[in-house]
Amino acid sequence: MSAFALANLTLEDLLPHRGAMLLIDEVLEVDAVHARTLSTVRPDWPLTDARGAESLICVELAAQTAGVCNGWDRIRRRGLDSDRMGWLVAVKRADFFVGRLPLGGRIETRAENTLVFDKFREVTSELHRDGRLVASVVLQLYQA
């Protein structure tokens, strides 16, 4: 993340999510093409119980990380107070390599805009825990 972003932006500036639906704890890096985030599996997350989070939550982690990248690009190009139009998200592909993510586990997510055409994005994401690939997700986003 640039010095400007670290000094002046919050996750809430980049994403519309609040409370338990904001799954990202920290933005590790971001530019107009990709973002890398860190999240800690919490018991208040959706799809989570005492055994941990179902791996399906990786789709939301990928979408939020894509949102960080595209939110940053919006702010960079149009300013902090620019229109925060939403994105319709479709899952093109999702491969899960674990059944559950343990409570307290740290998940690093990298999302990259691999195709950009007008208001359409295709985003490829990989999610790792302790250096091990836990999911690979391809999303299609359309700015509404």
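Residues numbered from 1 in each chain as written. Predicted model: local features only at pLDDT ≥ 70, side-chain atom pairs only at ≥ 80, totals over all residues. Heavy atoms only, no water.

### Digging into the sheet that holds strand S1 (residues 26-30)
Here is step 1: Within the open sheet, the six strands sit side by side as S1-S2-S7-S8-S9-S5. Their pairing is antiparallel. Looking at strand neighbours, the two that pair on one side only are S1 and strand S5 (87-96), the edges of this open sheet. Neighbour to neighbour, the strand axes of the sheet diverge by 20° on average, direction disregarded. (Pairing = 2+ DSSP bridges. Helix = DSSP H or I, 4+ residues; strand = E, 2+ residues; numbered from the N terminus. Axes fitted to C-alpha atoms, helices over the stretch in contact; angles between N-to-C directions.)

### Quick word on the side chain of glutamine 64
Here is step 1: Its place among the elements puts glutamine 64 in helix H3 (residues 57-78).
Here is step 2: Assessed through its relative accessible area of 0%, glutamine 64 is described here as buried.
Here is step 3: A polar side-chain atom of glutamine 64 sits 3.0 Å from the main-chain amide nitrogen of leucine 23. (Buried < 20%, exposed > 50% of the residue type's maximum accessible area, 1.4 Å probe, protein only. Polar contact = N/O pair within 3.5 Å; in protein donor to acceptor, adjacent residues only side chain to side chain.)

### Details of the sheet that holds strand S4 (residues 52-54)
Sheet strands pair via backbone hydrogen bonds, and the direction of the pair is either parallel or antiparallel.
Here is step 1: Read from one edge of the open sheet, three strands run S3-S4-S6, paired in antiparallel fashion. The sheet terminates laterally at strand S3 (48-49) and strand S6 (100-101), the two strands that pair on one side only.

### Some words on the nonpolar core
Here is step 1: Residues Trp45, Leu101, Leu127 and Leu139 are the most contacted members of the largest nonpolar core, which totals 22 residues.
Here is step 2: Put simply, the parts of the chain that give this core at least two residues each are H3, strand S7 (106-117), strand S8 (120-129) and strand S9 (132-143).
Here is step 3: With seven residues, the top contributor of residues to this core is H3.
Here is step 4: Setting aside residues no more than four positions away along its own chain, leucine 101 makes contact with Val41, Gly52, Ala53, Ile57, Cys58, Ile107 and Val134. (Core = buried A, V, L, I, M, F, W, Y, C linked by side-chain atoms within 4.5 Å. Contact = heavy atoms within 4.5 Å.)

### Description of the confidence of the model for the chain
Here is step 1: Averaged over all residues, the pLDDT of the chain equals 85, while 78% of them reach at least 70.
Here is step 2: Ranking the elements of the chain by mean pLDDT puts helix H1 (residues 3-8) last, at 47, and S6 first, at 98.
Here is step 3: Note on residues 1-7: pLDDT under 50 across the span, and 10 contacts to partners over four residues away in sequence or across chains. (pLDDT = per-residue confidence, 0-100.)

### Here we look at a nonpolar patch on the surface
Here is step 1: Taken together, the side chains of Leu47, Leu56 and Phe96 make up a nonpolar region of the molecular surface, amounting to roughly 240 Å² of accessible area.
Here is step 2: Along the chain, leucine 47 falls in the loop between strand S2 (34-40) and S3. (Patch = residues over 30% accessible without salt bridge, like charges linked within 9 Å, V, L, I, M, F, W, Y side chains within 5 Å. Areas by Shrake-Rupley, 256 points an atom, 1.4 Å probe, with all protein chains shown as cover. Salt bridge = Lys/Arg side-chain N within 4 Å of Asp/Glu carboxyl O.)

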